[in-house]
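Structure assessment
Okay, here's what each chain looks like letter by letter:
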Amino acid sequence: MERSNVIYLVPDIEGKMHAINASDIEGLIVAETYGDGDTYDTLTAKCKDGYEMFLLPAGTIEQRFDRTIWRYKYLEV
């Protein structure tokens, strides 16, 4: 599989920005509620040590990722 030239710049819930190559994105989950009662979007990406999960402010995925492009990796919980 060819490496993508598309880089997504996304904020985590602490405000830090992350540059993530589109080829590394394994899953996008919209607005999942966690044990603390807060609701976050979740992005799972491959990294050199395995996988990394980023908690994003709710609404980030819908603002930055086109559902028609991501189809089966784009989930709503």
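Quick summary incoming for the structure in this document.

The rules behind each value
- Residue numbering note: each chain is counted from 1, following its sequence as written.
- Under the rules for a predicted model, residues below a pLDDT of 70 receive no local features and side-chain atom pairs below 80 are neither given nor counted, while totals for whole chains, interfaces and linings still include all residues.
- Values shown for side chains rest on all heavy atoms present in the structure; no hydrogens or waters enter the calculation.
- Under the DSSP-based scheme used, a helix requires at least four consecutive residues in state H or I and a strand at least two consecutive residues in state E, with every element numbered from the N terminus.
- The atom set for the radius of gyration is the C-alpha atoms, and the globule formula is 2.2 Å times the number of residues raised to the power 0.38.
- Relative accessibility thresholds used throughout: buried, under 20% of the residue-type maximum; exposed, over 50%; partly exposed, between the two (1.4 Å probe, protein chains only).
- The contact definition used throughout considers only heavy atoms, calling two residues in contact when any of these lie within 4.5 Å.
- Accessible surface area values rest on a Shrake-Rupley calculation with a 1.4 Å probe, where residue burial reflects the displayed protein chains alone.
- Strands were regarded as paired on the criterion that DSSP finds at least two bridges between them.

1. Side note on the overall build of the protein chain
Tallying secondary structure elements over the protein chain gives 2 helices and 6 strands in all. When the helices and strands of the protein chain are read in sequence order from the N terminus, they spell out β-β-β-β-β-α-α-β. At 12 Å, the protein chain has a C-alpha radius of gyration in line with the 11 Å of a compact globule built from 77 residues. With the C-alpha coordinates of the protein chain rotated into their principal frame, the extents come out at 40 × 25 × 20 Å. Within the span of the protein chain, comprising 77 residues, buried residues form 38% of the whole. Taking all contacts inside the protein chain whose residues are at least 6 apart in sequence as the whole, residues at least 24 apart take part in 34%. Summed over all atoms, the accessible surface of the protein chain reaches about 5,100 Å², with 51% contributed by carbon and sulfur.

2. Side note on the environment of Leu 75
Take Leu 75: it is sitting in strand β6 (residues 74–76). Here the alpha-carbon distance between Leu 75 and Leu 28, two residues 47 residues apart in the chain, equals 6.0 Å. In contact with Leu 75, not counting residues within four places along its chain, are Leu 28, Ile 29 and Val 30.

3. Description of the pairing of strand β3 (residues 25–33)
Pairing of β3 with strand β4 (residues 39–47) involves 6 bridges; the strand directions are antiparallel. Note that in β4 the partner of Ile 25 across the bridge is Ala 45. With antiparallel pairing between neighbouring strands as the criterion, β3 and β4 make up a hairpin whose turn holds 5 residues, including Gly 37 at a positive phi of roughly 90°.

4. Topic: the pairing of strand β5 (residues 50–57)
Pairing of β4 with β5 involves 8 bridges; the strand directions are antiparallel. Across the sheet, residue Cys 47 finds its bridge partner in β5, namely Gly 50. Hairpin connection of β4 to β5: 2 residues between the antiparallel strands.

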